[in-house]
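Breakdown of the fold
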Amino acid sequence: MLEPVYELEDVTFYYKKGRYKANDGISLTIYKGEIIGILGPNGAGKTTLIKQMIGHLAPTVGSVKFQRQEVSRNTKDVIKQIAYYSQETFALSFLKTWEAIYFTGRLKGLSKKEAKQQTDNILLRLGMKAYRNKLVSKLSGGQRRLISLGTTLIGQASVIILDEPTNELDPLKRKLVWEIIRELNYKGTTIILVTHNILEAEKVVHRVAVIDNGKLLAIDHVEKLKRRVDQRMRLEIYAHEASFQKIQDKLESFGKVELVEDAKLAMLIDKHAIRPVIDLIQDEALNISQYSLLPPSLEDVYSMLQEQQRSE
Ligand SMILES: Nc1ncnc2c1ncn2[C@@H]1O[C@H](COP(=O)(O)OP(=O)(O)OP(=O)(O)O)[C@@H](O)[C@H]1O
């Protein structure tokens, strides 16, 4: 039986004395032991939603329950059971790295011995043992984010909310953080993950909630969401920037062509349109250096949902 951890019903939140609606009728359930990704563009309302889940904000309308308790009425109790990693500047910069983690553990109620043991393990796991006596203020931005993550990990909460945990990290450290997230989940921790890094998150999350304009556009398992676009393929085209416009004009009638990286365009095409599209891009005048056809990704689902919402 799936056990609900969070139950959100019709959550609506207004900023600026009721003039700005940041969350609009969001209903969803988060279950014990899952990794759920909350995806959405800047300003979609993700952080506002999370703030209501940890009791920093109370919903204007609707209800947010954590293990059947209304969060806004039991915030002290609820907050003890959750660890939250935010994007905000790390407040403990005046401490040494081990102190920042250790004292957070003590504040969470750990004994001296337990806090010390967990601090040592966390520093080791984060690859930060060599920096244990360095002031947090003297660390690089990425290292500081790791220590901030360390303060989230100490205390071993059963529910962890991570807001952009891989921001500012180099590829190796990002990989480490995804590994740690998987390990925590393997041990039973429920993980709620807010991220823009869809490509990386796709490999880790079980379910995804897509939010845009304050509204929940979809919530489902990654594979089920992908089935919504499985009659299509993703075409990636590498070309010189000077040819982008020509390529976009030529392929316009088959779908939206997006610039995804410096020299890369991508589009979703119906399976029956593959042959005519491939014929078109053979044109030497387009200066295409390489192209590939791939199965659709979570990113494609995400773009499709946004497009659908905007055209409604
Ligand atoms: N304190 C505030 N006062 C007024 N409006 C706010 C406040 N905080 C956020 N907003 C507005 O509410 C909307 C949702 O913001 P929110 O921070 O929840 O989005 P987000 O999805 O977390 O964005 P990002 O990915 O950029 O962090 C935005 O349009 C934002 O401008």
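Residues numbered from 1 in each chain as written. Predicted model: local features only at pLDDT ≥ 70, side-chain atom pairs only at ≥ 80, totals over all residues.

- As recorded in an unreviewed UniProt entry, the protein chain goes by the name ATP-binding cassette domain-containing protein, listed as coming from Lysinibacillus pakistanensis.
- According to UniProt, the comment filed for the protein chain under the heading Sequence similarities (unreviewed entry) is "Belongs to the ABC transporter superfamily." (UniProt positions renumbered as here; feature names shortened; annotations may be inferred.)

**Quick look at the sheet that holds strand S13 (residues 264-270)**
- If you walk across this open sheet you meet the four strands as S12-S13-S11-S14, and the pairing is antiparallel. Both outer strands of the open sheet, strand S12 (258-261) and strand S14 (288-294), are each paired with one neighbouring strand and no more. Geometrically, the sheet is characterised by an average inter-axis angle of 30° between neighbouring strands, direction not taken into account. (Pairing = 2+ DSSP bridges. Helix = DSSP H or I, 4+ residues; strand = E, 2+ residues; numbered from the N terminus. Axes fitted to C-alpha atoms, helices over the stretch in contact; angles between N-to-C directions.)

**Description of the site of the ligand**
- Near the ligand you find Tyr15, Lys16, Tyr20, Ala22, Gly40, Asn42, Gly43, Ala44, Gly45, Lys46, Thr47 and Thr48, and these make up its full shell.
- Sorting the residues of the shell around the ligand by element identifies strand S2 (20-31) and helix H1 (46-53) as the ones contributing at least two each.
- If one sorts the elements of the shell around the ligand by residue count, H1 sits on top with three residues.
- A breakdown of the residues in the shell around the ligand according to their chemical character gives four nonpolar, six polar and two charged. (Near = placed C-beta within 6 Å. Nonpolar A, V, L, I, M, F, W, Y, C, P; charged D, E, K, R; others polar.)

**Remarks on the sheet that holds strand S4 (residues 61-66)**
- Pairing in this open sheet of four strands is antiparallel, and the strands run S2-S1-S4-S5 from one edge to the other. Unpaired on one side and paired on the other, S2 and strand S5 (69-70) mark the two borders of the sheet.
- Bridge analysis of strand S1 (residues 4-15) against S2 gives eight bridges, and the strand direction is antiparallel. Paired with Tyr6 across the strands is Ile30, a residue of S2.
- Contacts between H1 and the sheet are confined to S1, S2 and S4, with S1 contributing the most and set at about 120° to the helix. (Contact = placed C-beta atoms within 7 Å.)

**Quick word on the nonpolar core**
- Ranked by internal contacts, the top residues of the largest apolar core, which has 73 residues, are Ile36, Ile38, Ile101, Ile161 and Leu193.
- Viewed by domain, this core spans two of them, domain 1 (4-81 + 157-226) and domain 2 (231-295), each represented by three or more residues.
- Beyond its immediate sequence surroundings of up to four residues, Ile38 is in contact with Lys46, Ile192, Leu193, Val194, Ala209 and Ile211. (Core = buried A, V, L, I, M, F, W, Y, C linked by C-beta atoms within 7 Å. Buried ≥ 20, exposed ≤ 12 C-beta atoms within 10 Å, placed from the backbone. Domains from an automatic or database assignment.)

**Observations regarding the environment of Glu307**
- Position of Glu307 relative to the elements: it lies in helix H11 (residues 298-311).
- You can call Glu307 partly exposed: it has 13 C-beta atoms within 10 Å.

**Thoughts on helix H5 (residues 141-153)**
- End to end, H5 covers 19 Å across 13 residues, agreeing with the expected 18 Å (1.5 Å per residue, within 8%).
- Across the 13 residues that make up H5, a large majority, eleven, are buried.
- For H5, the full list of buried residues reads Gln143, Arg144, Arg145, Leu146, Ile147, Ser148, Leu149, Gly150, Thr151, Thr152 and Leu153.
- In this fold, the buried residues of H5 make contact with strand S6 (82-85), helix H3 (97-107), helix H4 (112-125), strand S7 (159-163) and helix H6 (171-186).
- Within two residues after H5, Gly155 carries a phi angle of roughly 100°, on the positive side. (Expected span 1.5 Å × (residues − 1).)

**Thoughts on the pairing of S12**
- When S12 meets S13, the two strands line up antiparallel, connected through three bridges. Bridge assignment links Glu258 to a residue of S13, and that residue is Ala266.
- Two successive antiparallel strands, S12 and S13, enclose a turn made up of two residues.

**A look at H11**
- For H11, with 14 residues, the first-to-last C-alpha span of 20 Å sits near the 20 Å given by 1.5 Å per residue.
- Within the span of H11, buried status applies to Leu298, Asp300, Val301, Tyr302, Ser303, Met304 and Leu305.

**Side note on the domain arrangement of the protein chain**
- Domain annotation of the protein chain identifies domain 1 (4-81 + 157-226) and domain 2 (231-295).
- Domain 1 and domain 2 are separated by 34 Å when their C-alpha centres are compared.

**Some details on the packing of H3 against H5**
- Running from N to C, H3 and H5 point in directions that differ by 25°, and their axes come no closer than 8 Å. Here H3 is positioned roughly parallel relative to H5, judged by the angle of their axes. As H3 packs across H5, the resulting crossing turns out to be right-handed. Residues Thr97, Ala100, Ile101 and Thr104 of H3 touch H5, and the partners they reach there are Ile147, Gly150 and Thr151.
- Of the residues assigned to the contact of H3 with H5, the class counts are three nonpolar, four polar and no charged. (Parallel < 35°, antiparallel > 145°, perpendicular 65-115°, else oblique. Left-handed = near helix turned anticlockwise from the far one by under 90°.)

**Remarks on the packing of H3 against H4**
- For the pair H3 and H4, the least separation of the axes is 9 Å and the interaxial angle reads 135°. Judged by the angle between their axes, H3 and H4 are oblique. Judged by the sense of rotation from one axis to the other, the crossing of H3 with H4 is right-handed. Along its contact with H3, which presents Thr97, Trp98, Ile101, Tyr102, Gly105 and Arg106, the element H4 presents Ala115, Lys116, Gln118, Thr119, Ile122 and Leu123.
- When its residues are assigned to classes, the contact of H3 with H4 shows six nonpolar, four polar and two charged.

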